[in-house]
Amino acid sequence: MTLWLLLAIAFIKNNSMPITIKVFVTGGTFDKEYNELNGSLFFKETHLHEMLQLGRSKLDLSITTLMMKDSLDFIDADRQMIAKACNEIKEDKILITHGTDTMTLTASYLAKHCKGKTIVLTGAMVPYKFGSSDGLFNLGSALAFVQVLSPGVYIAINGKIFEADKVKKNTDKGEFETI
């Protein structure tokens, strides 16, 4: 399905039956800041609210920050916490911001441990604060996808949607692809 078709379906569904989308923030490049003095990247707070305002989002969102962490530093307990958070809420449409380096691992874990909900993970290759980030586009795409996809776990990145266990990050090309 093309992004435009999914957006049209989301528009129709959103206007006929309002839904609340639960958003879990976990960190990743999406939310990194740049230290101009030493060139390091660090976490301060999520940029999600600013991005939603810039994108003029009118969706009913409930946002919770679970952690602000580089996904390369994730351990099993972090994925367990994300799965527990997904399973404990009433919402069945969930968006998770996540670092791209281990996004596929978390998606696979959630596919095994979270059933009956539509869960979409998204992130960015370039920090939002850099100005040339893919984060805003990925966020908008993910918000559209989560509204129209069937229950399951997916990764939304660069306008494409991938099923949890059928995707890999190609680090040579700097993009996600189907396996």
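Let me begin by describing the structure that accompanies this report.

How each quantity is defined
Residues numbered from 1 in each chain as written. Predicted model: local features only at pLDDT ≥ 70, side-chain atom pairs only at ≥ 80, totals over all residues. Heavy atoms only, no water. Helix = DSSP H or I, 4+ residues; strand = E, 2+ residues; numbered from the N terminus. Buried < 20%, exposed > 50% of the residue type's maximum accessible area, 1.4 Å probe, protein only. Contact = heavy atoms within 4.5 Å. Areas by Shrake-Rupley, 256 points an atom, 1.4 Å probe, with all protein chains shown as cover. Axes fitted to C-alpha atoms, helices over the stretch in contact; angles between N-to-C directions. Parallel < 35°, antiparallel > 145°, perpendicular 65-115°, else oblique. Left-handed = near helix turned anticlockwise from the far one by under 90°. Nonpolar A, V, L, I, M, F, W, Y, C, P; charged D, E, K, R; others polar. Pairing = 2+ DSSP bridges.

## As for the overall build of the chain
Here comes step 1: Scanning the chain for helices and strands turns up 5 helices and 10 strands.
Here comes step 2: Considering the chain as a whole, with its 179 residues, one finds that 48% of them fall into the buried category.
Here comes step 3: The long-range share in the chain, meaning contacts at least 24 apart out of those at least 6 apart in sequence, stands at 65%.
Here comes step 4: Carbon and sulfur atoms provide 54% of the accessible area of the chain, an area that totals close to 9,300 Å².

## Side note on the packing of helix H3 (residues 76-88) against helix H4 (residues 103-113)
Here comes step 1: Two numbers describe how H3 lies on H4: the axes approach to 10 Å, and their chain directions differ by 45°. By the angle between their axes, H3 is oblique relative to H4. With respect to the hand of their crossing, H3 and H4 are arranged in right-handed fashion. Listed contacts from H4 to Arg79, Gln80, Ile82, Ala83 and Asn87 of H3 are Leu105, Thr106, Tyr109, Leu110 and His113.
Here comes step 2: The residue inventory of the contact of H3 with H4, partitioned by class, reads 5 nonpolar, 4 polar and 1 charged.

## Side note on the sheet that holds strand S4 (residues 60-69)
Here comes step 1: Across the sheet, 6 strands lie side by side as S4-S1-S5-S6-S7-S8; this open sheet has mixed pairing. Unpaired on one side and paired on the other, S4 and strand S8 (160-163) mark the two borders of the sheet. Adjacent strand axes in the sheet meet at a mean angle of 25°, parallel and antiparallel pairs treated alike.
Here comes step 2: Looking at chain direction, strand S5 (residues 93-97) and strand S6 (residues 118-122) are connected through 5 bridges and run parallel.

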